[in-house]
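# Inside the fold
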Amino acid sequence: MKNEWILDVLADLRAFAQDHHLPALSEQLDDARLIAASELAAQWEGSAGHEGHRSIAVRLDTDKIGCCL
């Protein structure tokens, strides 16, 4: 997936929001990360000719979202 970098950007923004005591923004960025992961997964599953299996892993407890082979 060529657009998975957005998940890292959203995680960084969320960390910034948490570090600067912006709880509402942090929550919104959590939602954005889940939506981005879901849409990226849907694009990947919908693309023709992909080889192997990839999935989007969402771990809210560890703040990790990413692409897994």
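Keep in mind the model is a prediction, meaning the values are calculated, not measured. All residue numbers refer to positions counted from 1 along the written sequence of the respective chain. Local features in this predicted model are restricted to residues of pLDDT 70 or higher, and side-chain atom pairs are both shown and tallied only at a pLDDT of 80 or more, whereas totals for entire chains, interfaces and linings draw on every residue. As a rule here, side-chain values come from all non-hydrogen atoms in the structure, and water together with hydrogens is ignored.

## Some points on helix H2 (residues 23–46)
- Secondary structure elements are taken from DSSP: a helix is a run of H or I of four residues or more, a strand is a run of E of two residues or more, and numbering for both begins at the N terminus. One less than the number of residues in a helix, times 1.5 Å, gives the span that helix is expected to have. Taking 1.5 Å per residue, 24 residues should reach 34 Å; H2 reaches 35 Å between its end C-alpha atoms and fits that length.
- Here's how the labels work: a residue is buried when its accessible area is under 20% of the maximum for its type, exposed when over 50%, partly exposed in between, all with a 1.4 Å probe on protein chains only. Burial in H2 covers these residues: Ser-26, Leu-29, Asp-30, Arg-33, Ala-36, Ala-37, Leu-40, Ala-41 and Trp-44.

## A short note on the environment of Ala-36
- Here Ala-36 is to be found in helix H2.
- Along the chain, Ala-36 and Leu-7 lie 29 residues apart, while their C-alpha atoms are 7.0 Å from each other.
- Setting aside residues up to four positions removed in sequence, Ala-36 forms contacts with Ile-6, Leu-7 and Leu-10. By definition in these notes, contact holds between two residues if any of their heavy atoms fall within 4.5 Å.

## Some points on the pattern of salt bridges
- For this analysis, a salt bridge means a side-chain nitrogen from Lys or Arg found within 4 Å of a carboxyl oxygen belonging to Asp or Glu. Counted according to the given criterion, the structure contains 2 salt bridges.
- Here Arg-14 makes a salt bridge to Asp-30, at a shortest N to O gap of 2.7 Å. Here Arg-14 is found in helix H1 (residues 5–19), whereas its partner Asp-30 is found in helix H2, with 16 residues between them in sequence.
- Accessibility expressed as a relative area gives 9% for Arg-14, which makes it buried.
- A salt bridge links Arg-33 to Asp-30; its shortest N-O distance comes to 2.9 Å. Here Arg-33 pairs with Asp-30, and both are found in helix H2, just 3 residues apart, close to one helical turn. With respect to burial, Arg-33 and Asp-30 carry one shared label: buried.

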